[in-house]
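Examining the three-dimensional arrangement
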Amino acid sequence: MRFIVNTFLLVFLSVQLSFALDSLELKNAARLDRINEMDSLKITLDNWTVKNDEESTWKNYFYSRYYRFIEPANRDLRLKFLYQAQVDCDFKCGKEIQANIFDELTIVLKSGGELERKKCLEYSNQAIELRRQIKDDNKLGLSYVIRGNCFHQFWMFETEKIGEDANYLLDSFFFYYTTATTLNLSNYLKNYIEKTLPSIYIDKKQYSEAEKALEELIAQNRFDTTNELFVLQANLADCKRLLGKTKEAEKNLSELWNDSIAMSNDHLKERVMHYNFMLALDLKDIEGMYKWYDLIGTHRHAVENKANAEAMEKYNSERLEVQLTKEQAQTLRNRLWALVFGGLSLLLVLLAFGIYRIQKLRKKQVENELENTKIKAVLDATRAQMKGEQKERQAIASTLHDQLASLLTAADLHLTVAEKSQDTQPSLVKAKGILKEVNIQVRDISHQLVSPSLMKFGLGSSLATLTEQMSTEEKPIIYHSDVNGKRFERSKEIFIYRSCAELIQNAQKYSNGRLIKVSIWQRGTTLHLKVFDDGTSLDKDSTKLGFGLVNIKDRAHSFGGDFTLRRTEEGTTAELIIVIESSKLS
């Protein structure tokens, strides 16, 4: 009967699912859920990315079916997938998948202990109840068959313990099979039940019913393979023997023995030998008993020799494979040691090179730090010099504006009084004009030394005032700035202001252009000043920088910037760039 159970497992795996599925992965899994396509099913399941709990339930369900065929003895793995499917489903999925899970759990647990057998009957009842609600006769019949097989399995367990008293389980087995036949079943499932019923009759010792059922099956030619026909004929011959039809049984077994000689199925050959031995035993044919007993022994010995030869061949093959593996492992170890030594050598070379590079970088870093220190010292000296000059200029400007200008203004007042009190003389008028001109020049000089608007309002506003004052009708100045309201380091503001005044004066003095453009803007950490005029230089040696421009260039370098002068056909462009550390809104 174990053969019946195993046959049923294979048949059940080959039944295609007819449920409606939405995802392509589910459809592929259902299509591949057949014995001869297990590899394709595994690939589909491994590459399946589930999108929800229902798909996860189906995936675990199909994994359990895959391992039921590939590793039928691994019950724990199959149960793991089924219990996970139950968790994912949690009775939120459709009745179809719930019933499928309960049927699978029934199949796995029926070969367990007493508690598992009770649990499998509970699952079977739940599956049958769900199938009745779905109203699918074929699936309900399948659940009946699964439950009947459970009782057959229990009968084999209990028979070993209590003997004939366990035959009541066969009645349950027979009941569920016959109940299934009352439903509207598929031809495949109906044929399977009809092929299994003779075995049930034999187990129940109802040999006449078994003989009738076997003859009908053979007459209807409803078998899939030659081996299946052979088994049915052998069972029919044994039924005739049990019914006392020894002549017919002897004839049938003789024909089957001739057929089995040409067959390569050792199991079927031994079955025919066993039936012939039982027939000789019933006939009390001592010679026949010894004959078939010896043939069975010889056959089993040949099968064992064949198995031993296959095992030895497999052993030799595996030993050769192990030897090759050891040789490959030794080769890999040799390569590994070679790689280790090579890697260590390379590491030492890289370490030596790294130390050399570090020493070189340190030396370069020291040199750079020394150079930066020199540059910083020069910059500090330049700044100190500019601060000193600024203080001197402020002092001079203060003296010119506060003292000398005041005296000149007082002298101008006295001359005005003298002019009113006596007759106007040309020399007096001339002296007054000279004093006024001197007063204007002193004020302009003091403003150039220190611009009051620069000190108060910053670089943008002071340059606007400067360009407005220096603009003339002959050479108007166009000014553009995007630093209005921004303040920078005092020394840098003064430097930019004076440089701008110097460049405008050069354009007015040495260029024959008609327009001057002054632009100042900030770009990141640099400040740019550009003075452009549209004329050509009147200086005969225009390729050299004068003293004032050289001074601007040197001081620009001290501030980390640069000064360039470009002369083209369109005009002359002077651009000053210095580095600024920070700026703020005034």
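The residue numbers shown here count from 1 along each chain, following its written sequence. Owing to the predicted nature of the model, reporting of local features is limited to residues with pLDDT of at least 70; listing and counting of side-chain atom pairs is limited to 80 or more, with chain, interface and lining totals taken over all residues. The basis for the side-chain values is all heavy atoms of the structure; hydrogens and waters are excluded.

**Points about the confidence of the model for the protein chain**
Values of pLDDT, which run from 0 to 100, indicate the predictor's confidence residue by residue. For the protein chain, per-residue confidence averages 79 on the pLDDT scale, and residues scoring 70 or more make up 78% of the total. By definition, residues are in contact when any of their heavy atoms lie within 4.5 Å. Within the model, pLDDT remains below 50 along residues 1-22, and this stretch shows 60 contacts once partners closer than five positions in the same chain are excluded.

**Side note on the packing of helix α19 (residues 490-510) against helix α20 (residues 547-558)**
Packed helices, taken two at a time, are described by their axes: the angle between them and the distance between them. Angular values range over 0 to 180 degrees, each being the angle between N-to-C directions of two axes fitted as lines to C-alpha atoms, with helices fitted over their stretch in contact. Put simply, DSSP marks the helices as runs of H or I at least four residues long and the strands as runs of E at least two long, and each gets a number from the N terminus on. Contact pair α19 / α20: the axes reach a minimum separation of 10 Å and the direction vectors enclose 150°. The angle between the axes of α19 and α20 places the two elements in the roughly antiparallel class. With respect to the hand of their crossing, α19 and α20 are arranged in left-handed fashion. Where α19 abuts α20, its residues F495, S499, E502, L503 and N506 lie against G548, L549, I552, R555 and A556. Here the residues of the contact of α19 with α20 are counted per class, giving 5 nonpolar, 3 polar and 2 charged. When an angle is under 35 degrees it counts as roughly parallel; over 145 it counts as roughly antiparallel; between 65 and 115 it counts as roughly perpendicular; any other value is oblique. The sense of a crossing depends on the near helix, which, turned anticlockwise from the far helix by less than a right angle, makes the crossing left-handed and, turned clockwise, makes it right-handed. Throughout this entry, Asp, Glu, Lys and Arg are counted as charged residues, while Ala, Val, Leu, Ile, Met, Phe, Trp, Tyr, Cys and Pro are counted as nonpolar. The remaining residues, Gly among them, count as polar.

**Focus: the pattern of salt bridges**
Counted as salt bridges are all cases of a side-chain nitrogen of Lys or Arg within 4 Å of a carboxyl oxygen of Asp or Glu. Scanning all chains against the criterion turns up 20 salt bridges. Between R75 and E116 there is a salt bridge; the shortest N-O distance is 2.5 Å. One end of the pair, R75, is in helix α5 (residues 75-89); the other, E116, is in helix α7 (residues 114-134), and 41 residues separate them in sequence. Between R131 and E96 there is a salt bridge, with its nearest N and O atoms 3.3 Å apart. With R131 in helix α7 and E96 in helix α6 (residues 95-109), the pair connects residues that are 35 residues apart, well separated along the chain. Accessibility assignment for this pair places R131 and E96 in one class, buried. A 1.4 Å probe rolled over the protein chains alone gives each residue an accessible area, and that area as a share of the maximum for its type sets the label: buried under 20%, exposed over 50%, partly exposed in between.

**Topic: unusual backbone geometry**
The backbone of K135 sits at a positive phi, close to 65°, despite the residue not being glycine. Mapped onto the fold, K135 is located in the loop between α7 and α8 (137-162). Owing to a relative accessible area of 74%, K135 belongs among the exposed residues under this scheme. Positive phi, normally seen in glycine, also occurs at K284, with a value near 55°. Mapped onto the elements, K284 comes out in the loop between α14 (266-282) and α15 (286-421). Under the relative-accessibility criterion, K284 is labelled exposed at 70%.

**Looking at α6**
With 15 residues, α6 extends 21 Å between its outermost C-alpha atoms, agreeing within 8% with the 21 Å of an ideal straight helix rising 1.5 Å per residue. Most of α6 is tucked away: 14 of the 15 residues are buried. One less than the number of residues in a helix, times 1.5 Å, gives the span that helix is expected to have.

**A word on the nonpolar core**
Take the buried Ala, Val, Leu, Ile, Met, Phe, Trp, Tyr and Cys residues and link them wherever side-chain atoms come within 4.5 Å; each set so joined is a nonpolar core. Counting residues in hydrophobic clusters, the biggest one holds 64 residues, and the most contacted among them are F62, Y177 and I193. Those residues within four positions of I193 in sequence are excluded, and the remaining contacts are V145, Y177, A180, T181 and L185. L459, M470, I477 and V531 belong to the second-largest nonpolar core, a separate cluster that totals 32 residues.

**Some words on the packing of helix α9 (residues 168-181) against helix α10 (residues 187-203)**
Packing of α9 against α10 brings their axes to within 11 Å, and their N-to-C directions diverge by 155°. Of the possible angle classes, the one that applies to α9 and α10 is roughly antiparallel. Note that α9 runs across α10; the crossing there is left-handed. Residues L170, F173, F174, Y177, A180 and T181 of α9 form the contact with α10, whose participating residues are Y192, I193, T196, L197, I200, Y201 and D203.

**Comments concerning the sheet that holds strand β4 (residues 526-533)**
We call two strands paired when DSSP finds no fewer than two bridges between them. Across the sheet, 5 strands lie side by side as β1-β3-β4-β6-β5; this open sheet has mixed pairing. Lying at the two open borders of the sheet, with one neighbouring strand each, are β1 (477-481) and β5 (562-567). For this sheet, the mean inter-axis angle between neighbouring strands, taken without regard to orientation, is 10°. Sheet topology note: the strand β3 (residues 516-523)/β4 ladder contains 8 bridges and is antiparallel. Within the sheet, the bridge partner assigned to I520 lies in β4 and is L529. Together, β1, β3, β4, β5 and β6 (572-579) form the strand contacts of α19, whose direction differs from that of β6 by roughly 175°.

**Looking at the pairing of β6**
Most of β6 sits inside the fold, with 6 of its 8 residues counted as buried. Here β4 runs beside β6; their pairing, made up of 8 bridges, is antiparallel. Residue pairing for β6: H528 is matched across the bridge by I577. Two strands pair when backbone bridges link them, and β5 and β6 are joined in this way by 6 bridges, in the antiparallel orientation. Note that in β6 the partner of T564 across the bridge is E575.

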